[in-house]
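As a plain string of letters, each chain reads:
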Amino acid sequence: MRISYNPLWKMLIDRGMKKKELRELSGISTASMAKLGKGDNITTDVLLRICTALNCQISDILETFPDEEPKNNEE
C-alpha cells in the first residue's frame, strides 16, 4: 500500500493555511513536514498531532492506494 497526503494539502488550501502555520500549530518538526511533502512514511504520533491541530480524523488527511503490480514483460 502507498500513502498520499493530497487530502491534507487540499484541506490546507481550503482553510487558507500555509505549511509553516500547520507545522507551528501542530508542533511537528521541519523534518516531518519534509517527509509529508515527499509522501514518505511518518509516525502515527505526527498524524495525530496534525489531526488535533486541524480538528479532523486521520482519514481526512491521507488516502491509501494499492502498490502497482510489477509489469510482466513475458508474452
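Residues numbered from 1 in each chain as written. Predicted model: local features only at pLDDT ≥ 70, side-chain atom pairs only at ≥ 80, totals over all residues. Heavy atoms only, no water.

An unreviewed UniProt entry annotates the protein as Helix-turn-helix transcriptional regulator of Amygdalobacter indicium.

A short note on helix α4 (residues 44–54)
Taken as a whole, α4 has its buried residues at V46, L47, I50, C51 and L54. Taken down its axis, α4 places every buried residue within 135° of arc, on the same side. Every exposed residue of α4 that faces more than 90 degrees away from the buried side is listed here: T44 and T52. At the C-terminal side of α4, N55 shows a positive phi close to 55°. (Buried < 20%, exposed > 50% of the residue type's maximum accessible area, 1.4 Å probe, protein only. Helix = DSSP H or I, 4+ residues; strand = E, 2+ residues; numbered from the N terminus. Arc of directions from axis to C-beta.)

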